[in-house]
Amino acid sequence: SNAIPIGLLQRCIKVSNEPPQGLKANILRGLNLFRGDALEQCLKENEFKSIVFCLCYFHAVIVERRKFGKQGWNRVYPFNLGDLSVSAQVLRNYLDDQPHIPWDDLRYIFGEIMYGGHITDDWDRRLCNSYLLNYINPSALSGGDLFDGFKVPSPTEYEGYVEVVEQMPAENPSAFGMHANAEIEHRLQLSDHLFLNINRLGGGAAGGGVEGKTERIKSMIDDILEKLPTAIDMTDVQDKTSGDTGNPYTNVFLQECSYLNALQAEMLRSLKEADSALRGDVTLTEAIEILMGCLFDGTIPPSWAKLSWATCRSLGAWVQDFVARLSQVSAVCLVLRLP
């Protein structure tokens, strides 16, 4: 709103309602929408209860599947409780108005309109419809399997469903229809996140003494600037390859030189800017703070990673690798000759 001063907005804390972690917690969160007599308001009460439970499980699966990264969804989608609530309302209307349960119509509405309205990738849409085909079908009324060791419970009250969910088997990739190895990447990400936070809380200190954060960042800036080679002379390289510009090997070599130069220039610019900020010569901006935080944590700054190759190395090992790459290409440029 234009009526709220900018200064006040900058000091505000953003509060968001994020889904909880874990399949069980998400199912309970979905069931919480149907407390009281919400499950008894349909004319086909038993059918409504069973299908709503399957919808809650479906909602929990597609929300929690995001933890698997690219193995879960190709893109991130904002599935929320509003989708579940409206889907349940549509289900109740269909059950009240139709003599038989229109399974195909329900799956289409849920998969193409309610939840499918968020989905923009064709393969993700296919996955969503596959889930619905497995959960929203006649077996939902006869205790069908949701995953190994967990079946659709018999129609009961809200408290009964909560008790069933509390006793469900431990969460595993099979609950999402995935291979057991799918959880390896997720566990690795959790471990990296955990140790990164431990490192930040501990101040990143090691060995014989605690060095101030500013002094440590300053020493790392000086160390990287000292190691950083000079950029490749692209004018000289282009002159040496001017007679063979149509050769694909020559084009790839020129592209590699350009990429390394762009990364070297960004590193040199950002490090000098951070050094000036530490001396008080320039204003400390958000980009400089992010750079300093990455230097202190030993991680690759985002502005460098954007121009870099894919890597899982720490900052120190990555800098050594970059220096070796740039030095090797520079040495080749000095003796470059076309066949």
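Before reading on, note that the structure itself is shown above.
As the structure is a computational prediction, the values presented were derived from the model and not from experiment. (Residues numbered from 1 in each chain as written. Predicted model: local features only at pLDDT ≥ 70, side-chain atom pairs only at ≥ 80, totals over all residues. Heavy atoms only, no water.)

Let us look at the packing of helix H11 (residues 248–279) against helix H12 (residues 286–297). Relative to each other, H11 and H12 sit at 95°, their axes nearing to 10 Å. Relative to H12, the element H11 lies roughly perpendicular. Mapping the contact onto sequence places Ser270, Leu271, Glu273, Ala274, Ala277 and Leu278 in H11 and Ile288, Leu291, Met292 and Leu295 in H12. Broken down by class, the residue content of the contact of H11 with H12 amounts to eight nonpolar, one polar and one charged. (Axes fitted to C-alpha atoms, helices over the stretch in contact; angles between N-to-C directions. Helix = DSSP H or I, 4+ residues; strand = E, 2+ residues; numbered from the N terminus. Parallel < 35°, antiparallel > 145°, perpendicular 65-115°, else oblique. Contact = heavy atoms within 4.5 Å. Nonpolar A, V, L, I, M, F, W, Y, C, P; charged D, E, K, R; others polar.)

Within helix H7 (residues 158–166), burial applies to Tyr158, Gly160, Tyr161 and Val165. The buried residues of H7 occupy an angular sector of 160° when the element is viewed end-on, so they sit on one face. Of the residues in H7, the exposed ones pointing more than 90 degrees away from the buried face are Glu159 and Glu163. In this fold, the buried residues of H7 make contact with helix H2 (23–31) and helix H3 (45–64). (Buried < 20%, exposed > 50% of the residue type's maximum accessible area, 1.4 Å probe, protein only. Arc of directions from axis to C-beta.)

Two side chains bearing opposite charge may form a pair once their charged atoms approach each other closely. By the definition in use, this model includes 19 salt bridges. Two residues, Asp145 and Lys151, come together in a salt bridge whose shortest N-O distance is 2.6 Å. Given the relative accessible area of 51%, Asp145 is considered exposed. A relative accessible area of 49% means that Lys151 is categorised as partly exposed. If you follow the salt bridges from partner to partner, you end up with Lys218, Asp222, Asp275, Arg279 and Asp281 in one network. (Salt bridge = Lys/Arg side-chain N within 4 Å of Asp/Glu carboxyl O.)

Let's shift gears to the nonpolar core. Grouped together as the largest cluster of nonpolar side chains are 56 residues, with contacts concentrated most on Leu23, Tyr57, Phe58 and Leu91. If you list the elements that add at least two residues to this core, you get H2, H3, helix H4 (81–97), helix H5 (103–114), helix H6 (122–135), strand E1 (145–147) and H7. Residue contributions to this core peak at 13 residues, all from H3. Discounting residues that sit within four places of it in the chain, Leu23 has contacts with Tyr57, Ala60, Val61, Glu64, Met168, Glu171, Ala175 and Phe176. Core analysis: the next-biggest nonpolar cluster, separate from the first, contains 32 residues, Ile224, Leu271, Phe296 and Val319 among them. (Core = buried A, V, L, I, M, F, W, Y, C linked by side-chain atoms within 4.5 Å.)

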